[in-house]
Amino acid sequence: MADEAFKTFTNELFLSNISSNTLTLHYTLADPEAAGITDAPVTFGEYSADAKERSAAALENALEVLSSFPKEELSAANRLTYDILRVQIQNELALTAYPYYEEVLSPLLGIQAQLPILLAEYSFDSKEDIETYLSLLEQLDAYYESLLIYEQEKAEAGLFMPDSMADAVIAQCQEFISDPGSHLLMTSFEERLAQADFLSEEEKQACLEANRAQVIGHVLPAYECLIDGLEALKGSGTNPYGLCYYPDGRAFYEAYVNCIIGSGRSMAEIKELIDGQLLADVQLMANIVVRRPELLTNLSRSITYQEPETVLASLQKKIRKDFPAVNAADCTVKYVAPSLEEYLSPAFYLTPPLDQMSSHTIYINQGSDYDNLALFTTLAHEGYPGHLYQTLYEDSLKLDPVRNIFYFGGYVEGWATYAERYAYRFTELDSDSAELLAANYFLLLGLYARSDVGIHYDGWKPEDLADFLGGFGITDEPTLSSIYQAILQNPANYLKYYLGAVEILALREDAQEAFGSHFTIKDFHEFILSIGPAPFSVIRDYLYGWTGMD
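Let us look at the structure shown here. (Residues numbered from 1 in each chain as written. Predicted model: local features only at pLDDT ≥ 70, side-chain atom pairs only at ≥ 80, totals over all residues. Heavy atoms only, no water.)

**Some thoughts on the overall build of the protein chain**
What the protein chain contains, in helices and strands, is 21 helices and three strands. The C-alpha atoms of the protein chain give a radius of gyration of 24 Å, which matches the 24 Å a tight globule of 550 residues would have. Across its three principal axes, the protein chain shows a C-alpha extent of roughly 70 × 65 × 50 Å. Per-residue burial over the protein chain gives 55% buried out of 550 residues. Within the protein chain, residue pairs in contact and separated by at least 24 positions form 79% of the contacts whose partners lie at least 6 positions apart. Surface accessibility of the protein chain: about 23,800 Å² in total, with carbon and sulfur atoms responsible for 49%. The average position of the 33 basic charges and that of the 83 acidic charges among the side chains of the protein chain differ by 8 Å. (Helix = DSSP H or I, 4+ residues; strand = E, 2+ residues; numbered from the N terminus. Rg over C-alpha atoms; globule rule 2.2 N^0.38 Å. Buried < 20%, exposed > 50% of the residue type's maximum accessible area, 1.4 Å probe, protein only. Contact = heavy atoms within 4.5 Å. Areas by Shrake-Rupley, 256 points an atom, 1.4 Å probe, with all protein chains shown as cover. Lys, Arg positive; Asp, Glu negative; His and termini not counted. Charge placed at Lys NZ, Arg CZ, Asp CG, Glu CD.)

See the structure below:
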């Protein structure tokens, strides 16, 4: 009885959450009607202080209802869902106390950078899909105007972005609309329409004309609006440094880190964890070099070039010994539009809808100038045994869909980063070279993660960052400036990857200690994957039950 009522509650929570934003709904369910969603509004949603207040009220209500369920009477799967919801709702609620601290227009992760890709990948399986898409484009300028209102309110609260950041966003927007004739939302629409065999040629031509009208009439003006609005707000930023220089910045950063990564640790404990891993990797590298001193002058990153699809197929086979099996799936490798190369991540994986797991997409940013080894390990991060693999495994578990309403960045990016480090052993490099390069990659990411905490929590200014990184041989001033700006503009971004991976390594160490000679890496990977995306504070509790630890 308790399980049935609990499932009714989680289903209602899931459906109401994903119905409030058309893009969220489209990317979560390919067939919303099958789930009972028939009249969801076409909207980008709302981003405002008022919307955040309503979200906080909804979270408080959900937590109250959740707390009414007798956890001990629930099934094991529902108890796990209960624990995850309880912790994450509280983490999300903690953030609502800081409505103007989160930056919605950051150069790398801001809406203006991410939305074009989501629109360009919006699938057309019916005429209704195309109509919904065109309706979204028509709303884009009004949506961006609302984002500017939010930025104006941030400015009035003394929390507007530094001018250097505003300049980066402005330049990004200018680049995005610099060539209307071959605009991403023109070319991608035409490509998708060519595959729409449910349309006649006349209907396709009408759709092309409608899309062109929406791009010219609403998309381009939306970005022009952002450009003009940010130009007008320049100079109102009061802080060129990290979050901790704002009145409640340090408290916000701590709440934000806990919400995104879910460590459940204090910032002092997080710094200790990061510093311990940095030291471990420095010692590992030193031990290898002592044993193989020739690697200091003759360390090769050279591996044979393979097409991305070939790399993914190879990785699928190579991981079988150490990772549990998953079902096969098609994966298409695409390349980031040139106009977005400077501003987007080196690569990213687009998670398919929950009810359509047969097709997957990985984007490669050619502007990142990969060598063969970097391409291989990046595809491990995005594909096997990283995001794509983890998504396929999660799908096989048939977890409660409500778990998809929250973003568990530490688990998701941490797993992919852990997988990327692990994948160096699948290259054709000798074991010492592979381990040295893997540790070096991880050390560099760790330095960025520690700098993230330094800048946003400890108050490091550019000279402090230079002192810290200078101790590791990073002294080039343009490089230091670039690192400072990247961390300043995207708080906790590096922590998602590094701290998430370090939490997994800490869990692995605990499991090895508990099981001793009976420990197997494949069993450990199966444990982490079978829990699914969750806060690490919850995963640790379940690890103790799995290992029999106190």
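Once you've had a look at it, read on.
**Details of the packing of helix 3 (residues 49-67) against helix 4 (residues 76-95)**
Orientation of helix 3 relative to helix 4, taken along the N-to-C sense of each, is 150°, at an axis distance of 10 Å. Judged by the inter-axis angle, helix 3 sits roughly antiparallel to helix 4. Relative to helix 4, the crossing made by helix 3 is left-handed. Contacts from Ala56, Leu59, Glu60, Ala62, Leu63, Leu66 and Ser67 of helix 3 reach helix 4 at Tyr82, Leu85, Arg86, Ile89, Gln90, Glu92 and Leu93. Here the contact of helix 3 with helix 4 is built from residues that sort into nine nonpolar, two polar and three charged. (Axes fitted to C-alpha atoms, helices over the stretch in contact; angles between N-to-C directions. Parallel < 35°, antiparallel > 145°, perpendicular 65-115°, else oblique. Left-handed = near helix turned anticlockwise from the far one by under 90°. Nonpolar A, V, L, I, M, F, W, Y, C, P; charged D, E, K, R; others polar.)

**Observations concerning the sheet that holds strand 1 (residues 330-335)**
Ordered by their spatial adjacency, three strands build an open sheet running 1-3-2, and the pairing between neighbours is mixed. Two strands lie at the open edges of the sheet, namely strand 1 and strand 2 (347-350), each paired on one side alone. Mean inter-strand twist for the sheet, computed between neighbouring axes without regard to direction, equals 20°. (Pairing = 2+ DSSP bridges.)

**Focus: the packing of aromatic side chains**
Throughout the structure, instances matching the rule amount to 38 aromatic pairs. Taken together, a centroid distance of 5.4 Å and an interplanar angle of 70° make the contact between phenylalanine 124 and phenylalanine 189 edge-to-face. Note that phenylalanine 124 is positioned in the loop between helix 5 (111-120) and helix 6 (127-156) and phenylalanine 189 in helix 8 (residues 184-194), a separation of 65 residues in sequence. Of the residues examined, phenylalanine 189 reaches a relative accessible area of 0% and is grouped as buried. (Phe/Tyr/Trp six-rings, centres within 6.5 Å; stacked < 30°, edge-to-face > 60°.)

**Observations concerning the packing of helix 1 (residues 2-18) against helix 3**
Helix 3 packs onto helix 1 with a crossing angle of 170° between their chain directions and a minimal axis gap of 11 Å. The orientation of helix 1 with respect to helix 3, classified from their angle, is roughly antiparallel. Each of Phe6, Phe9 and Leu13 in helix 1 lies in contact with helix 3, whose residues at this interface are Ala62, Val65 and Leu66.

**Section: helix 8**
Regarding helix 8, the residues found buried are Leu184, Leu185, Met186, Ser188, Phe189, Arg192 and Leu193. Buried residues along helix 8 sit in contact with helix 5, helix 6, helix 7 (163-176) and helix 9 (201-233).

**Here we look at the environment of leucine 499**
Relative to the assigned elements, leucine 499 resides in helix 19 (residues 493-515). Not counting residues within four places of it along the chain, the set of residues in contact with leucine 499 comprises Ile261, Ser263, Ile270, Leu273, Ile274 and Tyr494.

**Considering the environment of glutamate 12**
Within the secondary structure, glutamate 12 sits in helix 1. Judged by its relative accessible area of 51%, glutamate 12 falls in the exposed class. Separated by 390 residues in sequence, glutamate 12 and valine 402 place their C-alpha atoms 8.7 Å apart.

**Regarding helix 12 (residues 308-318)**
When we look at burial in helix 12, the residues that qualify are Pro308, Val311, Leu312, Ser314 and Leu315. For helix 12, the arc enclosing every buried residue in end-on projection is 165°, short of the 170-degree limit, so these residues lie on one face. Those residues of helix 12 hidden inside the fold are in contact with strand 1, strand 3 (359-364) and helix 13 (372-382). (Arc of directions from axis to C-beta.)

**A word on the side chain of glutamine 112**
With respect to the element layout, glutamine 112 can be found in helix 5. Separated by 2.9 Å, the side chain of glutamine 112 and the backbone oxygen of serine 106 make a polar contact. Side chain to side chain, glutamine 112 and glutamine 172 meet in a polar contact 2.7 Å long. Apart from residues no more than four positions distant in its own chain, glutamine 112 is found in contact with Val104, Leu105, Ser106, Pro107, Tyr144, Val169, Gln172, Cys173, Tyr223 and Leu226. (Polar contact = N/O pair within 3.5 Å; in protein donor to acceptor, adjacent residues only side chain to side chain.)

**Things to note about unusual backbone geometry**
Put simply, tyrosine 384 and proline 385 share a cis peptide bond, and its omega is 5°. The phi dihedral of lysine 398 falls on the positive side, at around 55°, and the residue is not glycine. When you line up the elements, lysine 398 lands in the loop between helix 14 (387-397) and helix 15 (409-422). Residue alanine 492 is not a glycine yet carries a positive backbone phi of 70°. What makes alanine 492 buried here is its relative accessible area of 2%.

**Section: the nonpolar core**
Formed by 186 residues in total, the largest nonpolar core has its most connected members in Tyr144 and Leu495. The element best represented in this core is helix 16 (residues 431-458), accounting for 15 residues. Among residues more than four places away in sequence, those in contact with tyrosine 144 are Ile111, Gln112, Leu115, Ala222, Tyr223 and Leu226. By size, the runner-up hydrophobic cluster in this structure holds five residues, among which are Ile117, Val336, Phe348 and Leu350. (Core = buried A, V, L, I, M, F, W, Y, C linked by side-chain atoms within 4.5 Å.)

**Topic: the pattern of salt bridges**
One pass over the structure, following the stated rule, counts 22 salt bridges. Between glutamate 203 and lysine 127 there is a salt bridge; the shortest N-O distance is 2.8 Å. Placement of the pair is glutamate 203 in helix 9 and lysine 127 in helix 6, with a sequence separation of 76 residues. Classification of glutamate 203 as partly exposed rests on a relative accessible area of 30%. Residue aspartate 395 is joined to lysine 398 by a salt bridge in which the shortest nitrogen-to-oxygen separation is 3.3 Å. Taking relative accessible area as the criterion, aspartate 395 reaches 22% and is therefore assigned partly exposed. Salt bridges sharing common partners tie together Arg291, Arg292, Glu294, Asp430 and Asp432. (Salt bridge = Lys/Arg side-chain N within 4 Å of Asp/Glu carboxyl O.)

**Brief notes about a negative patch on the surface**
Together, Asp31, Glu33, Glu128, Glu131 and Asp355 make up a region of like negative charge exposed at the surface. Mapped onto the elements, glutamate 128 comes out in helix 6. (Patch = residues over 30% accessible without salt bridge, like charges linked within 9 Å, V, L, I, M, F, W, Y side chains within 5 Å.)

**Concerning the environment of leucine 447**
Mapped onto the fold, leucine 447 is located in helix 16. Using a relative accessible area of 2% as the deciding quantity, one classes leucine 447 as buried. Between the C-alpha atom of leucine 447 and that of glycine 45, which follows or precedes it by 402 residues, the distance is 37 Å. Residues contacting leucine 447, with those up to four places away along its chain left out, are Leu278, Phe468, Leu469, Phe472 and Ile474.

By themselves, these figures tell us nothing about what the structure is for.
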